[in-house]
Amino acid sequence: MNKKILIAFVLLALPAFGGSDSQWVLEQSSLTYHVSHPLHESEGVSHAARGKGVCHAGECDFLIAVAVKSFDSGDSNRDLHMVQVTRGAEFPIVTVRTRLPESAATSATVNADLEIQFAGQTAQYKQVPFKLETQGSKTHITGTIPATLSDFKIDPPSLLTIRVKNEMPVRVDMTWHPQ
Amino acid sequence: MLRKIFGNRDSGVPGLVFFVCLVVAFAPSLIAQTAGMGALTGRVADATGNAVANATVTVTSIDNGQIRSATTGTDGTYKFDGLPPGKYRLKVEAVGFKTLEIPSTTVRGTETAVVDEKLESGEPINEKPSAAQQDNLPNAPSSITTSSSATAPSLSDLGISPEQAQGNPREQALLDKRTHMLKIHQRMGLITTIPLIATVATSINAGGKNTSTASRDLHTALGAVTGDLYFMTAYYAIRAPRVPGTETRGPIRFHKAMAWIHGPGMILTPILGIMAFNEKNNGEKVHGIASAHGPVAIVTAGAFGAALLSVSVKF
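Parameters at a glance
- Residues numbered from 1 in each chain as written.
- Chains lettered and ligands numbered in written order.
- Predicted model: local features only at pLDDT ≥ 70, side-chain atom pairs only at ≥ 80, totals over all residues.
- Helix = DSSP H or I, 4+ residues; strand = E, 2+ residues; numbered from the N terminus.
- Buried ≥ 20, exposed ≤ 12 C-beta atoms within 10 Å, placed from the backbone.
- Contact = placed C-beta atoms within 7 Å.
- Nonpolar A, V, L, I, M, F, W, Y, C, P; charged D, E, K, R; others polar.
- Core = buried A, V, L, I, M, F, W, Y, C linked by C-beta atoms within 7 Å.
- pLDDT = per-residue confidence, 0-100.
- Expected span 1.5 Å × (residues − 1).
- Bend = angle between axes of the 7 residues up to and from the residue.
- Axes fitted to C-alpha atoms, helices over the stretch in contact; angles between N-to-C directions.
- Parallel < 35°, antiparallel > 145°, perpendicular 65-115°, else oblique.
- Left-handed = near helix turned anticlockwise from the far one by under 90°.
- Pairing = 2+ DSSP bridges.

Participant: Could you give me a rundown of the overall build of chain A, with the residues and numbers involved?
Facilitator: Counting secondary structure elements, chain A contains 2 helices and 11 strands. Relative to its 179 residues, chain A shows a buried fraction of 38%. In chain A, once contacts between residues fewer than 6 apart in sequence are set aside, the share between residues at least 24 apart is 57%.

Quick look at the structure:
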């Protein structure tokens, strides 16, 4: 009898030793790219990103994906040109991957190594700073990814024969909650 | 191998499993090869023979471990030039398809092998670049710091199907053509502005009481050049392909609305101009409907300028 109780106890205790997995889900987001031209300062916003984080053994793997076509600059012509120049029909999804320690969720700031796939290219950005703010069970993350057009081999579009600047910072504003 | 793969289809899950035809053609390279170096080309296609774009093809030298990778283009083709002769391991990865690995193929300096493979599709792979790709990336760290683990989420975890992640080369070609034509439209519009301004400027000497025939001829010639350039400009906008399902929003709406003014104006202005020209040459005072030439031209030029500014300057 005692042996059975002992076995049952060991079996119940096993998951605790193995470490439990947890997940994060992207609740809402705003991703905003900014493009500069001598005559224009344009921004395109997407609220359509989807994201998930899977934590295991103290490390969390995050994946955020957003459709290129979901970015809205307020001008349908500019959006179509953006999709064309970024080859958004060929490569319709932008993905961002990062791995963070699970303990980062309680920090005020976090530096993330990002791997972004966009326009058929992959670029990595090291130690991108993000601010974290915990609101109840939710975590609000803000920051700016210092992306450039050349990182993704995007030919800078031009207006009146003047090209836009190479810099294309992307503002990130996301709210995550544990699942 | 084919039998083995097709065997999997028989035991596959209906509705979820579909098949990919991957044709890897190691055709003789069309590009000049350096002496002693080989080349490897091929095409990645799905079951229906359609090209699979954005597939990552990685070759690893079995002899020295050297890795190179390439991404298939819209036509599904990839190419490796300047490969040292030897044995290579080939891997093809594409979203929505199972990874294909060819354990060994030989690259020779003067000849290439032809290998056809068919592969079962499967769960989408994580869109991870190969190690070789990582090394060539901008801002690439010395080691892969964000490498996926077995628990890393995939696109399917986010509810994004392989179909949604799959590119549409036809749509991209349509967008490319549209942008190409609208670029010409934009440049032609800018060029048209020059004779347009000159035509308006010379109208002062063409329509007054003390005008000469030479002034009117110059004005007429500039007007004719403007008209020709204008209609060439309009052609590239009108013939640019439409993208289905796109709602016109923003300043481009105003730009298009202005075309309904300067378009008819560009037809009417020269007609009225010819009438006014004839009346002037006959020693008559411009009268009747011909006297509307000036006001119509001003409205037309104004609408043209407004259209140009609406997409150039942010208000």
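From this point, the narrative continues.
Participant: Which residues make up the interface of chain B and chain A, and what values do they have?
Facilitator: Interface size is commonly expressed as the accessible surface area that is lost when the partners come together. Facing 47 residues of chain B, the contacting portion of chain A comprises 40 residues. Counting residues per element, the ones that place at least two in the side of chain B that touches chain A are helix H3 (162-165), helix H4 (169-207) and helix H6 (251-281) of chain B. Looking at the side of chain B that touches chain A element by element, the count peaks at 8 residues for H4(B). Its residues assigned to classes, the side of chain B that touches chain A shows 19 nonpolar, 20 polar and 8 charged.

Participant: Account for the nonpolar core, with residues named and values stated.
Facilitator: Counting 68 residues, the largest nonpolar core has Ile64(A), Ala65(A), Val94(A), Ile116(A), Val92(B), Ala94(B) and Leu155(B) as its most contacted members. Top element by residues in this core is strand S4 (residues 59-67) of chain A. It accounts for 6 residues. Apart from the residues within four sequence positions on either side, Ile116(A) is in contact with Val94(A), Val96(A), Thr122(A), Ala123(A) and Tyr125(A). Counting 7 residues, the second-largest nonpolar core is a separate cluster that includes Leu196(B), Phe304(B), Ala307(B) and Leu308(B).

Participant: Can you tell me about the confidence of the model for chain B, naming the residues and giving the values?
Facilitator: Close inspection of predicted coordinates is inappropriate for parts of the model with low pLDDT. Residues and elements named next belong to chain B. Here chain B averages 75 in pLDDT, while 71% of its residues score no lower than 70. Per-residue pLDDT stays below 50 along residues 1-34; that stretch engages in 66 contacts with residues further than four places along the chain or on separate chains. Below a pLDDT of 50 lies the segment residues 123-148, which in the model reaches 58 contacts outside its immediate sequence neighbourhood of four places, other chains included. In the model output, the complex is listed with pTM 0.64 alongside ipTM 0.81.

Participant: Which residues make up unusual backbone geometry, and what values go with them?
Facilitator: Most peptide bonds take the trans configuration, and most residues that are not glycine carry a negative phi. Residue and element names in this part refer to chain A. One non-glycine residue with positive phi stands out, namely Ala-119, at about 55°. On the secondary structure map, Ala-119 appears in the loop between strand S6 (109-118) and strand S7 (121-135). For Ala-119, a count of 20 C-beta atoms within 10 Å translates into the label buried. Although it is not a glycine, Lys-153 adopts a positive phi angle of roughly 55°. Within the fold, Lys-153 resides in the loop between strand S8 (138-145) and strand S9 (158-159).

Participant: Any details on H6(B)? Residues and values, ideally.
Facilitator: Residue and element names in this part refer to chain B. Taking 1.5 Å per residue, 31 residues should reach 45 Å; H6 reaches 43 Å between its end C-alpha atoms and fits that length. If you look at H6, its biggest bend is around 30°, right at Trp-260, and the proline Pro-264 turns up within four residues after that. Listed in full, the buried residues belonging to H6 are Pro-251, His-255, His-262, Gly-265, Met-266, Thr-269, Leu-272, Gly-273, Ala-276 and Phe-277. Elements that come into contact with the buried residues of H6 comprise helix H5 (213-238) and helix H7 (293-310).

Participant: Give a description of the packing of H4(B) against H7(B) that names residues and reports values.
Facilitator: Residues and elements named next belong to chain B. Running from amino to carboxyl end, H4 crosses H7 at an angle of 155°, the nearest separation of the two axes being 11 Å. The angle between H4 and H7 places the two elements in the roughly antiparallel class. Considering only the axes of H4 and H7, their crossing is left-handed. Across from Gly-189, Thr-193, Leu-196, Val-200, Ser-203 and Gly-207 in H4, the residues of H7 making contact are Gly-294, Ala-297, Ala-301, Phe-304 and Leu-308. Class assignment for the residues of the contact of H4 with H7 results in 6 nonpolar, 5 polar and no charged.

Participant: Can you tell me about H5(B), naming the residues and giving the values?
Facilitator: All names here are of chain B. Taking 1.5 Å per residue as the helical rise, H5 with its 26 residues ought to reach 38 Å, and the 37 Å between its terminal C-alpha atoms agrees with that figure. The complete set of buried residues in H5 reads Arg-216, His-219, Leu-222, Gly-223, Thr-226, Tyr-230 and Thr-233. Those residues of H5 that are buried are in contact with H4 and H6.

Participant: Residue-level account of the environment of Asp151(A), with values.
Facilitator: Residues and elements named next belong to chain A. Structurally, the position occupied by Asp-151 is in the loop between S8 and S9. Overall, Asp-151 belongs to the buried group, with 22 C-beta atoms counted inside 10 Å. As a C-alpha pair, Asp-151 and Met-168 span 17 residues in sequence and 9.9 Å in three-dimensional space.

Participant: An account of the environment of Ser215(B) is needed here, citing residue identities and associated values.
Facilitator: Residue and element names in this part refer to chain B. As for its position among the elements, Ser-215 is in helix H5. For Ser-215, a count of 17 C-beta atoms within 10 Å gives the class partly exposed. In this view, Ser-215 contacts Thr-202, Asn-205 and Ala-206; residues no more than four positions away in its chain are not counted.

Participant: So what's going on with the packing of helix H2 (residues 76-85) of chain A against H4(B)? Which residues, and what values?
Facilitator: Between H2(A) and H4(B), the least distance of the axes is 9 Å, while the angle of their chain directions is 120°. When the interaxial angle is binned, H2(A) and H4(B) end up oblique. In this structure, H2(A) meets H4(B) at a crossing whose hand is left-handed. Here H2(A) contributes Leu80(A), His81(A), Val83(A) and Gln84(A) to the contact with H4(B), which in turn contributes Leu175(B), Asp176(B), Arg178(B) and Thr179(B). Classifying every residue of the contact of H2(A) with H4(B) gives 3 nonpolar, 3 polar and 2 charged.

Participant: With reference to specific residues and values, describe the confidence of the model for chain A.
Facilitator: Model confidence for chain A is summarised by a mean pLDDT of 88, while 89% of its residues fall at 70 or above. Contacts for the low-pLDDT stretch residues 8-19 of chain A, under 50 throughout, to residues beyond four places or in other chains number 2 contacts.

Participant: Give me the lowdown on the pairing of S7(A), citing residues and values where you can.
Facilitator: All names here are of chain A. Looking at chain direction, S6 and S7 are connected through 9 bridges and run antiparallel. Looking at the pairing, Gln-117 lines up with Thr-122 of S7. The antiparallel hairpin formed by S6 and S7 contains 2 residues in its connecting segment, where Ala-119 sits at a positive phi of about 55°. Across 6 bridges, the pairing between S7 and S8 is antiparallel. Its bridge partner being in S8, Lys-131 is matched across the sheet by Thr-142.

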